[in-house]
Amino acid sequence: MDSASAAASAPAPRADALTLEVVELIGTVVARYHEEYEEAAAQHSLTGAQARVLGLLTLEPMPMRRIAQKLKCEPSNVTGIVDRLEARGLVERRPDPADRRIKLAAPTAQGRETARRLRDSLDFAREPLAQLSAEERTVLRDLLRRMLGEAA
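Residues numbered from 1 in each chain as written. Predicted model: local features only at pLDDT ≥ 70, side-chain atom pairs only at ≥ 80, totals over all residues. Heavy atoms only, no water.

1. Structural notes on the overall build of the protein
So, step 1. When helices and strands are counted, the protein shows eight helices and two strands.
So, step 2. Relative to the compact-globule value of 15 Å for 152 residues, the protein shows a C-alpha radius of gyration of 21 Å, a clear excess of over 25%.
So, step 3. Taken along the three principal axes of its C-alpha coordinates, the protein extends 60 × 45 × 25 Å.
So, step 4. Taking all 152 residues of the protein together, the buried fraction comes to 24%.
So, step 5. For the protein, long-range pairs separated by at least 24 residues make up 45% of all intrachain contacts whose partners lie at least 6 apart in sequence.
So, step 6. In the form shown here, the protein has an accessible surface area of approximately 10,600 Å², with 56% of it arising from carbon and sulfur atoms.
So, step 7. When the 23 basic and 23 acidic side-chain charges of the protein are each reduced to a single mean position, those positions are 8 Å apart. (Helix = DSSP H or I, 4+ residues; strand = E, 2+ residues; numbered from the N terminus. Rg over C-alpha atoms; globule rule 2.2 N^0.38 Å. Buried < 20%, exposed > 50% of the residue type's maximum accessible area, 1.4 Å probe, protein only. Contact = heavy atoms within 4.5 Å. Areas by Shrake-Rupley, 256 points an atom, 1.4 Å probe, with all protein chains shown as cover. Lys, Arg positive; Asp, Glu negative; His and termini not counted. Charge placed at Lys NZ, Arg CZ, Asp CG, Glu CD.)

Here it is, written out as structure tokens:
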């Protein structure tokens, strides 16, 4: 076996203690965020998935397929979520001006207001971040972008 084959078949080295701690902390932050997000959604009589779709649509109207891609789920799931949001008057379907065969999901005025109130009720990230200086928040943002492969 040549050295390249041996290296490819060798088990990956174990992560160092610092890396493991950082991974655990990131996991804790994500879990807390999701917990608070679900609670905030429930206060607005929404499921977490409905709240995520509504929040996404406040950025721009989009077709179901694109919503599904962004949320990494099946388009049929998104259709059901949009149906329920539409029944509550939070979302509407409209033709895409660029291709009238495609329907876009878009928030109604009530949907935008609900999404704004939901965003305003999320304190988990805001409160701890407020304890960091602007410089620390900038460093944190840049490091997170770098971890995600985005330009700083």
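2. Remarks on helix α6 (residues 109–120)
So, step 1. For α6, which comprises 12 residues, the first-to-last C-alpha distance of 17 Å matches the rise-based estimate of 16 Å (1.5 Å per residue) to within 8%.
So, step 2. Looking only at α6, the buried set comprises Gly111, Thr114, Ala115 and Leu118. Each buried residue of α6 lies within a common arc of 100° when the element is viewed along its axis, so the set occupies one face. (Expected span 1.5 Å × (residues − 1). Arc of directions from axis to C-beta.)

3. Looking at unusual backbone geometry
For residues that are not glycine, phi is negative in most cases, and the peptide bond is trans in most cases.
So, step 1. Located in the positive-phi region is serine 45, a residue other than glycine, with phi close to 55°.
So, step 2. Mapped onto the secondary structure, serine 45 falls in the loop between α2 (17–43) and α3 (48–59).
So, step 3. Under the relative-accessibility criterion, serine 45 is labelled exposed at 55%.
So, step 4. Phi at lysine 72 takes a positive value of approximately 55°, unusual for a residue other than glycine.
So, step 5. Residue placement: lysine 72 occurs in the loop between α4 (64–71) and α5 (75–87).

4. Overview of the packing of α4 against α5
So, step 1. Where α4 contacts α5, the two axes come as close as 8 Å, and the packing angle between them is 110°. Taken together, the axes of α4 and α5 are roughly perpendicular relative to one another. Contacts between α4 and α5 involve Met64, Arg65, Ile67 and Ala68 on the former and, on the latter, Pro75, Val78, Thr79 and Val82.
So, step 2. Of the residues in the contact of α4 with α5, the class split is six nonpolar, one polar and one charged. (Axes fitted to C-alpha atoms, helices over the stretch in contact; angles between N-to-C directions. Parallel < 35°, antiparallel > 145°, perpendicular 65-115°, else oblique. Nonpolar A, V, L, I, M, F, W, Y, C, P; charged D, E, K, R; others polar.)

5. Re the pairing of strand β1 (residues 91–96)
So, step 1. Both β1 and strand β2 (residues 99–107) contribute to a ladder of six bridges, which runs antiparallel. Pairing of arginine 93 across the sheet is with alanine 105, part of β2.
So, step 2. Linking β1 back to β2 in an antiparallel pair, the connection comprises two residues. (Pairing = 2+ DSSP bridges.)

6. So, the pattern of salt bridges
So, step 1. Taken as a whole and judged by the stated rule, the model has nine salt bridges.
So, step 2. Among the ionic pairs, arginine 93 bridges to aspartate 83, the shortest N-O distance being 2.7 Å. With arginine 93 in strand β1 and aspartate 83 in helix α5, this residue pair connects regions lying 10 residues apart in the sequence.
So, step 3. Since its relative accessible area comes to 27%, arginine 93 is described here as partly exposed.
So, step 4. Overall, aspartate 83 belongs to the partly exposed group, its relative accessible area being 37%.
So, step 5. For the salt bridge of glutamate 86 with arginine 93, the shortest nitrogen-to-oxygen distance reads 2.4 Å.
So, step 6. Residue glutamate 86 is classed as partly exposed on the basis of its relative accessible area of 33%.
So, step 7. Each of the salt bridges in this network shares a partner with another, and the network as a whole consists of Asp83, Glu86 and Arg93. (Salt bridge = Lys/Arg side-chain N within 4 Å of Asp/Glu carboxyl O.)

Note that all results are geometric; they support no functional claim without further evidence.
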